[in-house]
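Descriptive analysis of the structure
What follows is the residue order along each chain.
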Amino acid sequence: TVADATQILTVMMADSWTLIGKGNANLVYKCRSYPGTAFRIPQNGRQLEQSEAYHRTVLSDLLPLHLRCPSLIVQLDQQGWQAFLDASSTVFTADTHTSMERMPDMTAIPSTWPELLRPSTFQVQPDAYFVLQAAPTTLAIEIKPKCGLQVPTTTAESNCRYCLTQHIKLAKGKIKHRSTYCPRQLFSDDKTSQVNALLALMASPQNNFRLWHEQDSVPMQEHQRGHLDQCGHLDQYLQSTGFLSTDSHASPAHALASLLQVVLDTSAVLRVVQNLQSLSTMTSGEALELCSQLGLDYTTDFLPFEALATAAATKSAEPKTAAALALYLLAATFRDCSIMVNLHFDQGIITAAVVVVDVEPKALRKLCHHVDRDAQLLQVATEL
């Protein structure tokens, strides 16, 4: 943790930093002197004071040690933050159009909190998926599993939140084709369903599947309806870089999907994320009403840290309390988180690391958006 504004500004002026990502809560930078490290800098003044505490306490109660976010939280006071912004406009290289073109290697993260931020690694059966014709290499994969819960409707076939959202995005022209990916397949206990879900993500990634090879971003293509056999572009890339499937009847993309299924299952990350998505059964409308009853301003950013900490520690809360609202916001956070998988291939041995990222709590100002979105989902479900 870098807490001194003078110190970080000195480092900034003496080195090359690049903005690699920008979310609602954080700016994410990389630094030449710290390869393999993502520096997450909170954008909100209130969160500046709570970010380290959130990662130390709330995430400690929610996420197992090996799945916690591998990043350094840079803390600045308000004066330091303003100085940081002023300097970043001239010192930093902003590349928002190619955000996250370079992916940090999660297996080599220098950290002042090694017990919190360094993910554990495990080995996968060697030569079970790929016969590599190249030198040791690394793949990094980002998977946004989305929400594995259902929208309560009377139509059993049309109550997947993600699938219904695809209808809404198609009607608004945000996508050209609906994806065949369904989170319920990925969160199921069936191996074949999980592999098919991963293949569907590869065929129609939208912003839910990204791949890096040796830290360089691999371009992904959208295919009509995202059929499982439409991963030819990925097959060609994997073959060209030495990833040959051990099964002559399986494509490299299918081998990668099968490998990811084993890694996700071994890490138990899907079960953890699904449990966290289920922290609250409160609807968005009930959450917005509770926010008003508690006298909270739902146009502001974040719920008081104490409520988040209480909710995370107990995993339950009395109705109509700030902790109950915190459970809703934490559940919403994990319904939109990402899973990062790092795969290192060396002499037939595959070493994997898995962590959960994008876990900053959802802001109160998101509640109105949640209410509008859920109303649209119910309307689409009724019409199908």
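Preceding this paragraph is the structure being described.
Calculation notes
Residues numbered from 1 in each chain as written. Predicted model: local features only at pLDDT ≥ 70, side-chain atom pairs only at ≥ 80, totals over all residues. Heavy atoms only, no water. Helix = DSSP H or I, 4+ residues; strand = E, 2+ residues; numbered from the N terminus. Buried < 20%, exposed > 50% of the residue type's maximum accessible area, 1.4 Å probe, protein only. Areas by Shrake-Rupley, 256 points an atom, 1.4 Å probe, with all protein chains shown as cover. Core = buried A, V, L, I, M, F, W, Y, C linked by side-chain atoms within 4.5 Å. Contact = heavy atoms within 4.5 Å. Axes fitted to C-alpha atoms, helices over the stretch in contact; angles between N-to-C directions. Parallel < 35°, antiparallel > 145°, perpendicular 65-115°, else oblique. Nonpolar A, V, L, I, M, F, W, Y, C, P; charged D, E, K, R; others polar. Phe/Tyr/Trp six-rings, centres within 6.5 Å; stacked < 30°, edge-to-face > 60°. Pairing = 2+ DSSP bridges. Left-handed = near helix turned anticlockwise from the far one by under 90°. Salt bridge = Lys/Arg side-chain N within 4 Å of Asp/Glu carboxyl O.

A word on the overall build of the chain
- Assigned secondary structure in the chain consists of 14 helices and 13 strands.
- Within the chain, the proportion of its 384 residues that are buried is 51%.
- On the chain, roughly 17200 Å² of surface is accessible, and the fraction owed to carbon and sulfur atoms is 50%.

Points about the nonpolar core
- Counting residues in hydrophobic clusters, the biggest one holds 80 residues, and the most contacted among them are Met202, Leu260 and Leu343.
- At nine residues, the largest contribution of residues to this core is made by helix H13 (residues 322–334).
- With residues up to four places along the chain from it excluded, the contact list for Met202 reads Phe209, Met220, Gln221, Cys231, His233, Leu234, Ala253, Leu256, Ala257 and Leu260.

A look at the side chain of Gln261
- By the element assignment, Gln261 lies in helix H9 (residues 252–267).
- Leaving out residues up to four positions away in the same chain, Gln261 has contacts with Lys191, Gln194, Val195 and Leu198.

Some points on the packing of helix H8 (residues 232–240) against H9
- Two elements in contact, H8 and H9, have axes separated by 8 Å at closest approach and are oriented at 85°. Taken together, H8 and H9 sit at an angle that is classed as roughly perpendicular. Every residue of H9 that contacts H8 at Leu234, Asp235, Leu238 and Gln239 is listed here: Pro252, Ala253 and Leu256.
- Residues of the contact of H8 with H9, tallied by class, amount to five nonpolar, one polar and one charged.

Overview of the packing of aromatic side chains
- The tally for this structure, following the rule as stated, stands at two aromatic pairs.
- Aromatic pair Tyr162 and Tyr181: ring centres 5.3 Å apart, planes at 75°, arrangement edge-to-face. Within this pair, whereas Tyr162 is found in helix H5 (residues 161–171), its partner Tyr181 is found in the loop between H5 and helix H6 (183–186), the two being separated by 19 residues in sequence.
- A centroid spacing of 5.2 Å and a plane angle of 80° characterise the contact between Phe243 and Phe345, whose relative ring orientation is edge-to-face.

Describing the pairing of strand S9 (residues 209–213)
- Burial runs high along S9: four of the five residues are buried.
- The pairing of strand S8 (residues 137–143) with S9 spans five bridges and is classified as antiparallel. Note on S9: the bridge partner recorded for Glu142 is Arg210.
- Note: S9 against strand S10 (residues 216–218), three bridges, orientation antiparallel.

What about the pairing of S8?
- Summarising burial for S8: seven of the seven residues are buried, a large majority.
- In S8, alternate side chains face the same way, and those of Thr137, Leu139, Ile141 and Ile143 on one face and Thr138, Ala140 and Glu142 on the other are all buried.
- Of the pairings in the sheet, the one linking S8 to strand S12 (residues 338–346) comprises seven bridges and is antiparallel in character. Paired with Glu142 across the bridge in S12 is Met340.

Looking at H8
- Taken together, the buried positions of H8 are His233, Leu234, Asp235 and Leu238.
- For H8, the elements touching its buried residues are helix H7 (191–203), S9, strand S11 (243–245) and H9.

Observations concerning the environment of Ala381
- Among the structural elements, Ala381 can be located in helix H14 (residues 367–383).
- Given the relative accessible area of 1%, Ala381 is considered buried.
- Between the C-alpha atoms of Ala381 and Arg161, which are 220 residues apart in sequence, the distance is 9.4 Å.

A closer look at the packing of helix H11 (residues 284–293) against H14
- Between H11 and H14, the least distance of the axes is 8 Å, while the angle of their chain directions is 150°. In terms of orientation, H11 lies roughly antiparallel with respect to H14. H11 and H14 meet at a crossing whose hand is left-handed. For the pair H11 and H14, contact is made by Ser284, Gly285, Ala287, Leu288 and Cys291 and by Leu367, Cys368, His370, Val371 and Asp374, respectively.
- Its residues assigned to classes, the contact of H11 with H14 shows six nonpolar, three polar and one charged.

So, the side chain of Lys362
- Tracing the sequence through the fold places Lys362 in the loop between strand S13 (349–357) and H14.
- Ignoring anything within four residues of it in the chain, the contact list for Lys362 reads Leu329, Ala332, Thr333 and Asp336.

Structural notes on the pattern of salt bridges
- Per the stated rule, a full pass over the model turns up seven salt bridges.
- One salt bridge in this structure joins Arg210 and Glu142, with 2.9 Å as the shortest N-O distance. Within this pair, whereas Arg210 is found in strand S9, its partner Glu142 is found in strand S8, the two being separated by 68 residues in sequence.
- What makes Glu142 buried here is its relative accessible area of 7%.
- As a salt-bridge pair, Asp336 and Lys146 come within 2.9 Å of each other at their nearest N and O atoms. Pair noted here: Asp336 is in the loop between H13 and S12 and Lys146 is in the loop between S8 and H5, with a separation of 190 residues, a long-range link.
- The class for Asp336 is partly exposed, based on a relative accessible area of 27%.
- What emerges from the salt-bridge pattern is a single network uniting Lys144, Lys146, Asp336 and Lys362.

That is the geometry; function is a separate question.
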